[in-house]
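# Architecture and fold: a report
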Amino acid sequence: MLDQAMETEFAPLSLLEKAAKVLGAFEGPQPRLSLTEVVRRSGIPRSSAHRILDQLVQLRWLDREGRDYRMGMRMLELGALASHHNRLRRAALPLLHALHEQTGRVVHLSVLDGAEVVCLERIGGSQATTVPSRVGGRMPAYCTATGKAILAFSDPAAVEHVLAQGLRPRTARTLVRPLALRSELAAVRERGVAYDREESFRGISCVAAPLRGAGRAVAAVSVSSCRGDREPARLAPAVLACARAVWRELYGPGRPGRAAPARDLEPAVSAQAMDNMMGWLRFSEWM
């Protein structure tokens, strides 16, 4: 046991650990640090620290001003994203639990990342083992209810990005023609909710409602069911009410939502910014 502890204590640091120590040097009130200060605070050898600092500048994690370094836009983007997601999850969680209690079904909170949706929260039910989802999991946006709910109220560039990736069939019911998906998104804007009719997994249907006021959707709430095509339509009013309640919790009453073509909606964040901010999630997979 002692040998293992000593081996762990004196084991060489990995590159990731070294980079973490370099970034950790910037904790505190001093916004700018010289190379010498980074070496002193991190304990990383000067040559390694210099090389890591240069790489972090290239990746926009740090900025360089003369001989000094400071945190870059990448750090601010990820910090803002983490803060937004934490706030969104905190506001939604009690209401998601209430929706689960009301329906007895698996409930999800998801956001759009490029051509995929990422699950931020999942509340299980009696069907939990049969619904193949998990927190941090990813799915193509075009064949999921949450993805379609967000895309319907997104900037047109987001829809074009999804179409550019290709619509590959996951089941016999997956919409694989661009015109069919565009028509489906138009229907979502008319009725306010989106459906997944066994389009992503056989035997699993879903209904989702976007989190939005009078503009672009920032996320979506969904309920999954294994009880046939009619079940999601029955659950739609409860899902829509939950999504509206989460939005009110986040932003207050505001202006009521309206059905509108996506081109009339003001994007809250550019597609490129979302790609930059959410790239760190790309290692996750749904299954």
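All figures in this text were calculated on a predicted structure; none of them were measured in a lab. (Residues numbered from 1 in each chain as written. Predicted model: local features only at pLDDT ≥ 70, side-chain atom pairs only at ≥ 80, totals over all residues. Heavy atoms only, no water.)

## Examining the pattern of salt bridges
The final tally for this structure, using the stated rule, is 14 salt bridges. Measuring nitrogen to oxygen at the nearest pair gives 2.8 Å for the salt bridge that ties E116 to R138. Placement of the pair is E116 in strand β5 (residues 116–123) and R138 in strand β6 (residues 138–140), with a sequence separation of 22 residues. For K148, the salt bridge goes to E199, with nearest N and O atoms at 2.9 Å. With K148 in helix α6 (residues 145–151) and E199 in the loop between β7 (194–197) and β8 (205–211), the pair connects residues that are 51 residues apart, well separated along the chain. Residue class for E199 comes out buried when judged on its relative accessible area of 3%. It is possible to trace a salt-bridge network through shared partners that takes in K148, E184, R191, R197 and E199. (Salt bridge = Lys/Arg side-chain N within 4 Å of Asp/Glu carboxyl O. Helix = DSSP H or I, 4+ residues; strand = E, 2+ residues; numbered from the N terminus. Buried < 20%, exposed > 50% of the residue type's maximum accessible area, 1.4 Å probe, protein only.)

## Quick look at the pairing of β5
Counting buried positions over the eight residues of β5 gives seven, a clear majority of the element. Of the pairings in the sheet, the one linking strand β4 (residues 106–113) to β5 comprises seven bridges and is antiparallel in character. Counted as the bridge partner of V107 is I123 from β5. Between β4 and β5, which pair antiparallel one after the other, the connecting turn spans two residues, and G114 there sits at a positive phi close to 65 degrees. Across three bridges, β5 lies against β6 in antiparallel orientation. Paired with V117 across the two strands is M139, which belongs to β6. (Pairing = 2+ DSSP bridges.)

## As for the sheet that holds strand β9 (residues 219–225)
The six strands lie next to each other as β6-β5-β4-β9-β8-β7, forming an open sheet whose pairing is antiparallel. Because the sheet does not close on itself, it has two edges, and the strands there are β6 and β7. Pairs of neighbouring strands in the sheet enclose a mean axial angle of 30 degrees, with direction left out of account. With respect to the sheet, helix α9 (residues 230–251) is in contact with β7, β8 and β9, its orientation differing from that of β8 by roughly 25 degrees. (Axes fitted to C-alpha atoms, helices over the stretch in contact; angles between N-to-C directions. Contact = heavy atoms within 4.5 Å.)

## A word on the packing of aromatic side chains
According to the stated counting rule, one finds one aromatic pair in the structure shown. When the ring centre of F201 is taken as reference, the NZ or CZ atom of R170 above it lies at 5.1 Å. (Phe/Tyr/Trp six-rings, centres within 6.5 Å; stacked < 30°, edge-to-face > 60°. Lys NZ or Arg CZ within 6 Å of the ring centre and 35° of its normal.)

Geometry only, nothing functional implied.
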